Amino acid sequence: MTYQREIILEELKKTKTHPTADELYSTVKQRIPHISLATVYRNLETLANSGLVRKLEVTGRQKRFDGNTEPHDHITCTVCQRIDDIVHPLNEGQAPMPQSAAWHGYRLTGWSVEYFGICPDCLQKSNAAVTDNTR
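What counts and what doesn't
- Residues numbered from 1 in each chain as written.
- Predicted model: local features only at pLDDT ≥ 70, side-chain atom pairs only at ≥ 80, totals over all residues.
- Heavy atoms only, no water.
- Helix = DSSP H or I, 4+ residues; strand = E, 2+ residues; numbered from the N terminus.
- Buried < 20%, exposed > 50% of the residue type's maximum accessible area, 1.4 Å probe, protein only.
- Contact = heavy atoms within 4.5 Å.
- Core = buried A, V, L, I, M, F, W, Y, C linked by side-chain atoms within 4.5 Å.
- Pairing = 2+ DSSP bridges.
- Axes fitted to C-alpha atoms, helices over the stretch in contact; angles between N-to-C directions.
- Expected span 1.5 Å × (residues − 1).
- Arc of directions from axis to C-beta.
- Salt bridge = Lys/Arg side-chain N within 4 Å of Asp/Glu carboxyl O.
- Left-handed = near helix turned anticlockwise from the far one by under 90°.
- Patch = residues over 30% accessible without salt bridge, like charges linked within 9 Å, V, L, I, M, F, W, Y side chains within 5 Å.
- Areas by Shrake-Rupley, 256 points an atom, 1.4 Å probe, with all protein chains shown as cover.

**Re the overall build of the protein**
Helices and strands together make up the secondary structure of the protein, namely 6 helices and 5 strands. The order of α-helices and β-strands along the protein, N terminus first, is α-α-α-β-β-β-β-α-α-β-α. Across the 135 residues of the protein, 28% fall into the buried class. Within the protein, contacts between residues at least 6 apart in sequence are counted, and of these 46% link residues at least 24 apart.

As structure tokens, this is what we get:
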């Protein structure tokens, strides 16, 4: 583990916001002023490939990274793109085996489900805008 990789990992584990490489670069640059964006990208890929961080590839969006490697899923706000962790009973026990996977002879090694919704902040803004318009 290189010094730069260690700092990148520390900073990622501190945040709960699931930052992009660019966002994490801004934070890491405060601790390592001479680090390049390419170095942050390269190290995040290495950390993800080694299983020390999770790479979140939400359809049609920029990659984000998660320092929490415990089993959990994510929900993305369709308004502001905020990503939050969610844990449900499927994560705590056996993975669900879709019938069709079993029929085709697959051995399930993991799964990924994308959840989308509107976060509480955006809902509150939306409700405030509706209230303002009805006055």
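**Brief notes about the nonpolar core**
A general tendency of soluble globular proteins is for nonpolar side chains to be buried together. Within the largest apolar cluster, 16 residues are counted, with the highest numbers of intra-cluster contacts made by I8, V28, I35, L44 and V53. At the level of secondary structure, the elements contributing two or more residues to this core comprise helix 1 (3–14), helix 2 (21–31) and helix 3 (37–49). When residues no more than four places from it in sequence are discounted, the contact partners of V28 are I7, I8, E11 and I35.

**A look at the sheet that holds strand 4 (residues 83–86)**
Read across the open sheet, the 3 strands follow the order 4-3-5; overall the sheet is mixed. At either end of the open sheet lies a strand with only one pairing partner, and these are strand 4 and strand 5 (114–117). Across the sheet, the mean angle from the axis of one strand to that of its neighbour is 35°, orientation sign disregarded. As defined by bridge partners, strand 3 (residues 73–77) adjoins strand 5 across 4 bridges and the pair is classed as parallel. Looking at strand 5, one finds that H74 is bridged to E114.

**Here's the deal with helix 3**
Here helix 3 is 13 residues long and its end C-alpha atoms lie 18 Å apart, about the 18 Å a rise of 1.5 Å per residue gives. Here helix 3 has its buried residues at T39, V40, N43, L44, L47 and A48. Around the axis of helix 3, the buried residues are gathered within 160° of arc, so they sit on the same side. Considering only its buried residues, helix 3 is in contact with helix 1, helix 2, strand 1 (54–56) and strand 2 (64–66). Where helix 3 terminates, the next one or two residues include G51, which has phi positive at roughly 85°.

**Focus on the pattern of salt bridges**
Inspection of the entire model under this criterion finds 8 salt bridges. Among the ionic pairs, R31 bridges to E11, the shortest N-O distance being 2.7 Å. Highlighted residues: R31 in helix 2 and E11 in helix 1, separated in sequence by 20 residues.

**As for the packing of helix 2 against helix 3**
The interhelical angle for the contact between helix 2 and helix 3, taken along N-to-C directions, is 115°, at an axis separation of 9 Å. Our pair here, helix 2 against helix 3, has a crossing hand that is right-handed. Seen from helix 2, the contacting residues are A21, D22, L24 and Y25; seen from helix 3, they are L37, V40, Y41 and L44.

**Some points on a nonpolar patch on the surface**
Judged by side-chain polarity, V79, I118 and L123 come together as a nonpolar surface patch covering roughly 260 Å² of accessible area. Relative to the helices and strands, L123 resides in helix 6 (residues 120–133).

**Remarks on helix 2**
In an α-helix, one turn spans 3.6 residues, which is why side chains three or four residues apart end up on the same side. Buried within helix 2 we find A21, L24, Y25 and V28. Down the axis, helix 2 shows its buried residues gathered within 110° of arc, on one side only. Where helix 2 is buried, its residues touch helix 1, helix 3 and strand 2.

What is shown is where atoms sit, not what they do.
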